[in-house]
Amino acid sequence: MHRIFTTPVSSVYPHYVTKAERKGRTKAEVDEILRWLTGFDDAELARHLAEDTTFLDFFDAAHLNPNAPLITGSVCGVRVENVEDPLMQNIRRLDKLIDELAKGRPMEKILRT
């Protein structure tokens, strides 16, 4: 089992926000991405962050967006669509969405609408 699986989402979340804000994006946009990908509402997302839910439990509780398989491309040299472990693939999908946000991509394209 990879170490990231047992890492609390709340410990990585501030890094997502910092990365976005450094590039002129907002915490609200990061939250929108998380809600879109996982199907959580604001209260559920806040609860998972407050309870230090691990990535394993976070994605286990999620209702993944049906358009999530449209998230393709590389994160740290790894093609998201080629990751075999479903949990790792979802973590990489989230990383890819945050990267796209930080690169200035419009939200409509990030959310595959």
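- Per an unreviewed UniProt entry, the protein chain goes by DUF2200 domain-containing protein and derives from Rhodococcoides corynebacterioides.

1. Structural notes on the environment of Thr53
At step 1: Secondary-structure assignment places Thr53 in the loop between helix H3 (42-50) and helix H4 (55-61).
At step 2: By relative accessible area, which is 10% here, Thr53 ends up buried.
At step 3: As for Thr53 and Lys27, which are separated by 26 residues in sequence, their C-alpha atoms are 19 Å apart.
At step 4: Aside from chain neighbours lying at most four places away, what touches Thr53 is Thr7, Pro8, Val9, His48 and Phe58.
At step 5: A polar side-chain atom of Thr53 sits 3.1 Å from a polar atom in the side chain of His48.

2. Things to note about the nonpolar core
At step 1: Val30, Ile33, Leu37, Phe55, Phe59 and Leu94 are the most contacted members of the largest nonpolar core, which totals 32 residues.
At step 2: If you list the elements that add at least two residues to this core, you get helix H1 (9-22), helix H2 (27-38), H3, H4, helix H5 (86-102) and helix H6 (107-110).
At step 3: By residue number, the principal contributor to this core is H5, which donates seven residues.
At step 4: Ignoring any residue separated from it by four or fewer positions in sequence, one finds Ile33 in contact with Leu94, Leu97, Ile98, Leu101, Met107, Ile110 and Leu111.

The rules behind each value
- Each chain has its residues counted from 1, following the order in which its sequence is written.
- The predicted nature of this model means local features are confined to residues of pLDDT at least 70 and side-chain atom pairs, given and counted, to a pLDDT of 80 or more, with totals for whole chains, interfaces and linings taken over all residues.
- Only heavy atoms go into the side-chain values, all of them from the structure, while hydrogens and water stay out.
- A run of H or I in DSSP counts as a helix once it spans at least four residues, and a run of E counts as a strand once it spans at least two, with each numbered from the N terminus.
- The buried label goes to any residue with under 20% of its type's maximum accessible area, the exposed label to any with over 50%, and the partly exposed label to all in between, with areas taken from a 1.4 Å probe on protein chains only.
- A contact between two residues is defined here by any heavy atoms of the two lying within 4.5 Å.
- Pairs of N or O atoms within 3.5 Å make up the polar contacts considered here, provided that, within protein, one atom can donate a hydrogen while the other can accept it, and that residues adjacent in sequence are counted only when both atoms are side-chain atoms.
- In plain words, nonpolar cores are sets of buried Ala, Val, Leu, Ile, Met, Phe, Trp, Tyr and Cys residues tied together by side-chain atoms within 4.5 Å.

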